Amino acid sequence: MYEGDPSSSDAQQQPPEESSNRTFLIVAGLLGGIVLLSLACLAGVYFFAIRPNQSTTNQQAAAQATQNAQVQQALTATQVAVSLASLATATPAPTDTPVLAEATSTEIPALTTDTPEPVTATVGAALTQAANAELTNIPTSTALPKTGIGDEFGAPGLVIAGMMLVAVIFLARRLRLTPK
């Protein structure tokens, strides 16, 4: 066969391969869209929920600092006024008052060796400990801690995440089973 024969060139050419990248690109685009949508939602939560609370917290802190400064000024002014008032008052001169010394008899109490019985002392100590135990308030926690992924995203977020993972599993199985 020579090069000019049209029938021989058609036989050597292979048909174009089927593009199996199309499904992959669709799935990659969907996952990318989900990521972009979640980033947009996070930005919305930040700008509409978290950031306004921070500005009110900053305003409250500034108001508290202003109030503290005013209280400190008032206390300083009060202290200055008290010290000036004490300087202005005249103190009377000391007078000579004679001290009379009289001898008195001091009674010395007799030493007693009355010791309580050991049984009575033990019962008294036990009752004292029981009374202290009743007065002691032991704090116990009744609330659950606010940590974990369930508290962060709530039940709807967890359900959505679970549905997305199940969808990924089904898509992966379907892609494995499609004929090539």
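Quantities reported herein were computed from a predicted structural model and do not represent experimental measurements.

Each value, and the rule that gives it
Residues numbered from 1 in each chain as written. Predicted model: local features only at pLDDT ≥ 70, side-chain atom pairs only at ≥ 80, totals over all residues. Heavy atoms only, no water. Helix = DSSP H or I, 4+ residues; strand = E, 2+ residues; numbered from the N terminus. Areas by Shrake-Rupley, 256 points an atom, 1.4 Å probe, with all protein chains shown as cover. Phe/Tyr/Trp six-rings, centres within 6.5 Å; stacked < 30°, edge-to-face > 60°. Buried < 20%, exposed > 50% of the residue type's maximum accessible area, 1.4 Å probe, protein only. Expected span 1.5 Å × (residues − 1). Bend = angle between axes of the 7 residues up to and from the residue. pLDDT = per-residue confidence, 0-100. Patch = residues over 30% accessible without salt bridge, like charges linked within 9 Å, V, L, I, M, F, W, Y side chains within 5 Å. Salt bridge = Lys/Arg side-chain N within 4 Å of Asp/Glu carboxyl O.

## Concerning the overall build of the chain
Looking only at helices and strands, the chain has 4 helices and 0 strands in total. Secondary structure of the chain in N-to-C order comes out as α-α-α-α. In the form shown here, the chain has an accessible surface area of approximately 17400 Å², with 64% of it arising from carbon and sulfur atoms.

## Observations concerning the packing of aromatic side chains
Counted under the stated rule, the structure contains 1 aromatic pair. On the basis of an interplanar angle of 75° and a centroid distance of 5.2 Å, the ring pair of Tyr46 and Phe47 is categorised as edge-to-face.

## Looking at the environment of Thr23
Tracing the backbone through its elements, the reader meets Thr23 in helix H2 (residues 21–88). For Thr23, a relative accessible area of 38% translates into the label partly exposed. Separated by 152 residues in sequence, Thr23 and Leu175 place their C-alpha atoms 8.1 Å apart.

## What to know about helix H4 (residues 149–177)
With 29 residues, H4 ought to run about 42 Å at 1.5 Å a step, yet its terminal C-alpha atoms sit only 34 Å apart, falling short of that. Along H4, the largest kink reaches about 85° and is centred on Ala155; proline Pro156 follows within four residues of it.

## Section: the confidence of the model for the chain
Taken residue by residue, the chain gives an average pLDDT of 78. The fraction at 70 or more is 79%. Per-element confidence in the chain is highest for H4, whose mean pLDDT is 88, and lowest for helix H1 (residues 6–12), whose mean pLDDT is 53.

## A closer look at a nonpolar patch on the surface
The grouping of Leu31, Ile34, Ile160, Met164 and Val168 at the surface amounts to a nonpolar patch, some 410 Å² of accessible area in total. Looking at the nonpolar patch, the elements that each hand over two or more residues are H2 and H4. Per-element accounting of the nonpolar patch gives the leading share, 3 residues, to H4. Within the secondary structure layout, Val168 lies in helix H4. Residue Val168 is classed as partly exposed on the basis of its relative accessible area of 41%.

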